Amino acid sequence: MWFAFKDLRLAWSLVGLTTCVSVLILMSLYLLQVYRQRKRTTRIRGPQSPSWLFGFAKTVNSAAIITELYEHWAREYGPVYKVPHVFGLSRVVLWDPKAISYFFARDTWLYNQTAFNKAAIRTTVGRGVLWADGESHKRQRKALNPAFSAAAIRSLMSVIHDIAHKAMSALDGEIESNQRTHCAVIDARQWYLLDSVGIAALSHDFGAVHGSDSDVMHILNAFSSSSSVSYNLVTLAQNFPSILKLPLPRIQFSLKLNLIVGKICQEMVSRMRKEKETGGDEQGDRSCLGWLLKAEESVESVGLTPQEVLDEAKILLLAGFETTAALQWVYIELARNPDIQTKLRDECLESGPTPSYDDLTHKLPYLDAVVNEVLRLHAAAKEIERLATQEDVIPLSEPLRTAAGNFTESVCIPKGTVVVIPLAALNCSVHMWGPDAKTFKPSRWLEKDRDTHGARDALQGYRHVMTFGDGARMCLGRLFALTEIKAVLFALVRNFVFEMADGPGVPIVESLGTVPRPRVVGSAEAGSVPLRVRRYEV
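Residues numbered from 1 in each chain as written. Predicted model: local features only at pLDDT ≥ 70, side-chain atom pairs only at ≥ 80, totals over all residues. Heavy atoms only, no water.

**Q** Account for the overall build of the protein, naming residues and giving values.
**A** In terms of helices and strands, the protein carries 23 helices and 12 strands. For the protein, the proportion of its 538 residues judged to be buried stands at 52%. For the protein, long-range pairs separated by at least 24 residues make up 73% of all intrachain contacts whose partners lie at least 6 apart in sequence. (Helix = DSSP H or I, 4+ residues; strand = E, 2+ residues; numbered from the N terminus. Buried < 20%, exposed > 50% of the residue type's maximum accessible area, 1.4 Å probe, protein only. Contact = heavy atoms within 4.5 Å.)

And the structure:
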């Protein structure tokens with residue numbers, strides 16, 4: 001009995017010894033891996049943190065301040081630098097064009113949405129193409145591509161022109177009701193674009209141009225202009241996404257948005273399915289939703305599930321509605337620059353009354369320049385951030401001085417690094433666009449005025465502007481948005497004159513809503529900028 005007990009103790013001792021040795025080996029291997037990773041990781045320079053708790057996270061919420069800071073930091077610390085964030089963590093900012101191109105080429109694969117972004121997108125619009133990464137994103141994107149091709153946009157020109165003419169009639173009605181002044185003071189928000197998005201994207205007429213009221217108009221306006229966001233909460237949620245599961249007012253609002261927009265889109269999808277089954281109206285087949293239903297019916301692996309069709313429809317409605325933000329800025333910039341407005345009107349009057357898709361794309365250079373300049377100066381998304389899913393080495397176009405004082409032509413970042421592309425700051429960079437980079441100057445887009453093209457041409461993206469992003473996630477609806485803005489602007493600037501109601505010098509800033517919108521300084525309502533409109537008379 002005693003010998004058996006001794007053997008058992010010896011066996012346990014051997015097991016314990018083996019376990020300890022195994023743990024020590026594993027710890028040693030882990031520490032060796034950490035050590036090697038730290039040795040490989042490039043020590044990047046960057047500004048000192050003003051606060052351990054928030055870093056520069058609060059500053060990022062101020063578009064005007066952070067846009068200046070991003071370029072200042074690039075000059076001081078080089079084309080790749082780190083910016084302190086919450087709880088002592090840092091984010092890596094890419095300013096180098098070669099590094100940015102490399103990043104976009106690997107977006108959705110090596111660089112994925114952060115946990116916070118995925119949770120926020122899922123809460124608002126579901127698991128559509130904005131939410132997806134990797135193979136799922138590739139499959140959904142492939143299914144959506146035909147709906148936004150040049151051929152698809154051409155087939156929708158009659159819809160876009162119809163909305164533009166309805167908008168003209170609406171403005172005429174406003175002016176007619178003010179016969180004493182022969183002009184009307186309107187809000188810069190162009191509500192009629194909801195009809196264009198509804199018909200072209202979802203084959204549904206919301207009737208907004210005729211004054212029809214609906215839940216979707218209220219919820220979309222509230223979502224896009226809401227300034228009741230707790231930025232401290234959003235900042236913390238970026239590191240603790242589980243905060244988004246709490247019953248907080250903003251989260252409840254996002255869920256309500258998802259519910260209302262989802263219900264509307266579900267009704268449209270169900271109606272179109274019935275029409276297709278009964279061989280009804282073929283107009284739906286030309287809308288984006290018609291293409292989605294074709295993708296749903298596909299027997300190939302590229303097809304969409306019924307839930308994905310619904311989620312994509314919600315994205316189309318929300319993204320299409322946000323075209324209004326760009327058009328708001330167009331009218332404001334033209335009202336503040338009457339000479340530019342006159343030059344644009346002259347070009348549009350020299351053309352026929354109903355330009356084709358090709359006319360809008362290739363034969364109206366100043367119209368193209370005005371729209372491009374607005375998109376450059378007033379990007380809807382100020383920056384994008386992604387999470388590195390594995391260690392990566394990012395190439396650079398010029399040597400970078402590290403924190404150790406050495407120079408390197410590439411940057412090694414560890415797995416889990418948050419990488420930021422400062423879209424708006426790049427769009428307004430003095431290095432990229434010259435000393436007048438922050439001035440509204442459409443002439444810079446004309447060939448004879450391309451004095452700084454060398455620097456900015458190093459950037460990829462649409463016309464070297466970062467507004468639509470680049471790579472696998474480049475904005476799918478950019479052709480639709482550009483065509484819609486140009487067609488509506490073409491029709492209205494030929495017939496009306498836009499002026500600032502409170503004078504050309506009234507200060508306009510960007511609101512801090514979900515999507516940055518223009519706001520008169522001192523006004524509480526985001527997106528509300530009064531414009532005086534009168535008929536153009538020769």
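**Q** How would you summarise helix 5 (residues 115-125) if you had to cite specific residues and measurements?
**A** The buried count for helix 5 comes to eight of 11 residues, which makes it a mostly enclosed element. Along helix 5, the residues classified as buried are Phe116, Asn117, Lys118, Ala119, Ile121, Thr123, Thr124 and Val125. At the C-terminal side of helix 5, Gly126 shows a positive phi close to 90 degrees.

**Q** Can you lay out the side chain of Glu373 for me, pointing to particular residues and giving the numbers?
**A** When you line up the elements, Glu373 lands in helix 19 (residues 365-377). You can call Glu373 buried: its relative accessible area is 0%. Only 2.8 Å separates the side chain of Glu373 from the backbone nitrogen of Lys441, close enough to count as a polar contact. Excluding residues within four positions of it along the chain, Glu373 makes contact with Thr439, Phe440, Lys441, Pro442, Arg444 and Trp445. (Polar contact = N/O pair within 3.5 Å; in protein donor to acceptor, adjacent residues only side chain to side chain.)

**Q** Residues and numbers for unusual backbone geometry, please.
**A** In this structure, Thr108 is a non-glycine residue whose phi angle is positive, near 80 degrees. Structurally, the position occupied by Thr108 is in the loop between helix 4 (97-105) and strand 3 (111-112). Using a relative accessible area of 2% as the deciding quantity, one classes Thr108 as buried. Residue His464 is not a glycine yet carries a positive backbone phi of 65 degrees. Structurally, His464 can be placed in the loop between helix 22 (453-456) and helix 23 (478-495). Judged by relative accessible area, which is 22%, His464 ranks as partly exposed.

**Q** Describe the nonpolar core, and please don't skip the residues or the numbers.
**A** In this structure, Tyr70, Leu94 and Leu489 are the most contacted members of the largest nonpolar core, which totals 139 residues. Per-element accounting of this core gives the leading share, 10 residues, to helix 23. Aside from chain neighbours lying at most four places away, what touches Leu489 is Val330, Tyr331, Leu334, Leu344, Leu367, Val370 and Val371. Among the nonpolar cores identified, the runner-up in size contains six residues, and Phe116, Ala119, Ala237 and Ile251 belong to it. (Core = buried A, V, L, I, M, F, W, Y, C linked by side-chain atoms within 4.5 Å.)

**Q** Go over empty space enclosed by the protein, please, and point to the residues and values.
**A** If you walk through the whole model with that rule in mind, you get two cavities of 30 Å³ or more. Empty space within the largest cavity amounts to approximately 60 Å³. In terms of lining residues, the largest cavity is bounded by 10 residues, among which Ile66, Thr67, Tyr70, Lys382 and Glu383 are the most central. Secondary-structure elements contributing two or more residues to the lining of the largest cavity are helix 3 (63-77) and helix 20 (423-427). At four residues, the largest contribution of residues to the lining of the largest cavity is made by helix 3. For the lining of the second largest cavity, the class distribution of residues is five nonpolar, two polar and one charged. (1 Å grid on protein atoms, 1.4 Å probe; cavity = no way out; pocket = protein on both sides within 12 Å on 5 of 7 lines; lining within 4 Å. Points joined across faces, edges and corners; volume = space filled by probe spheres on them. Nonpolar A, V, L, I, M, F, W, Y, C, P; charged D, E, K, R; others polar.)

**Q** Residues and numbers for the packing of helix 19 against helix 23, please.
**A** Put simply, helix 19 and helix 23 touch, their axes get as near as 11 Å, and they point 120 degrees apart. As judged from the angle between their axes, helix 19 and helix 23 are oblique. For the pair helix 19 and helix 23, the crossing hand works out as right-handed. Contact with helix 19, carried on its side by Leu367, Asp368, Val370, Val371 and Leu375, involves Leu482, Ile485, Lys486, Leu489 and Phe490 of helix 23 and no other residues of that element. (Axes fitted to C-alpha atoms, helices over the stretch in contact; angles between N-to-C directions. Parallel < 35°, antiparallel > 145°, perpendicular 65-115°, else oblique. Left-handed = near helix turned anticlockwise from the far one by under 90°.)

**Q** Could you give an account of the sheet that holds strand 2 (residues 90-94), naming the residues involved and the relevant values?
**A** Overall, mixed pairing links the five strands, which are arranged 1-2-8-5-3 in an open sheet. Looking along the sheet, the strands with just one partner apiece sit at the ends: strand 1 (80-84) and strand 3. By the bridge criterion, five bridges tie strand 1 to strand 2 in an arrangement that is antiparallel. Paired with Lys82 across the bridge in strand 2 is Val92. Its contacts with the sheet place helix 4 against strand 2, strand 3, strand 5 (384-388) and strand 8 (418-421), and it is angled at close to 115 degrees to strand 8. (Pairing = 2+ DSSP bridges.)

**Q** Explain the pattern of salt bridges residue by residue, including any values.
**A** Applying the stated criterion to the full structure yields 21 salt bridges. Here Asp107 and Arg473 are joined by a salt bridge, their closest N and O atoms 4.0 Å apart. Placement of the pair is Asp107 in the loop between helix 4 and strand 3 and Arg473 in the loop between helix 22 and helix 23, with a sequence separation of 366 residues. In this structure Asp107 comes out as buried when scored by relative accessible area, which is 1%. Measuring nitrogen to oxygen at the nearest pair gives 2.8 Å for the salt bridge that ties Asp358 to Arg154. Of this pair, Asp358 sits in helix 18 (residues 357-362) while Arg154 sits in helix 7 (residues 150-155); the two residues are 204 residues apart in sequence, bridging distant segments of the chain. (Salt bridge = Lys/Arg side-chain N within 4 Å of Asp/Glu carboxyl O.)

**Q** Account for the environment of Ile199, naming residues and giving values.
**A** Topologically, Ile199 is positioned in helix 9 (residues 193-202). Each C-alpha atom, one on Ile199 and one on Ile163, is 9.4 Å from the other, the two residues being 36 residues apart in sequence. Among residues more than four places away in sequence, those in contact with Ile199 are Val159, Ile163, His204, Asp205 and Ser287.

**Q** Let's hear about the pairing of strand 1: which residues, and what values?
**A** Along strand 1, four of the five residues are buried, which leaves the element largely enclosed by surrounding structure. If you look at the hairpin formed by strand 1 and strand 2, you'll find five residues sitting between the two strands, and Phe87 has a positive phi there, around 55 degrees.

**Q** Go over the packing of aromatic side chains with me, naming the residues and quoting the values.
**A** Considering all chains together, one arrives at nine aromatic pairs under this definition. Ring geometry for Trp73 and Tyr81: centres 6.1 Å apart, planes at 70 degrees, overall edge-to-face. For the pair Trp73 and Tyr81, one class covers both residues: buried. Here the aromatic residues Phe56, Tyr70, Trp73 and Tyr81 are joined through ring pairs into a cluster of three or more. Lying across the ring of Tyr102, Arg106 places its NZ or CZ 3.6 Å from the centre. (Phe/Tyr/Trp six-rings, centres within 6.5 Å; stacked < 30°, edge-to-face > 60°. Lys NZ or Arg CZ within 6 Å of the ring centre and 35° of its normal.)

**Q** Give me the packing of helix 12 (residues 249-277) against helix 15 (residues 306-321): which residues, what numbers.
**A** At their nearest, the axes of helix 12 and helix 15 sit 9 Å apart, and the two run at 115 degrees to each other. Accordingly, the angle class assigned to the pair helix 12 and helix 15 is roughly perpendicular. Helix 15 is crossed by helix 12, and the crossing has right-handed handedness. Judged by residue contacts, Leu257, Asn258, Val261, Gly262, Cys265, Gln266, Val269 and Arg273 of helix 12 engage Pro306, Val309, Leu310, Ala313, Lys314, Leu317 and Leu318 from helix 15.

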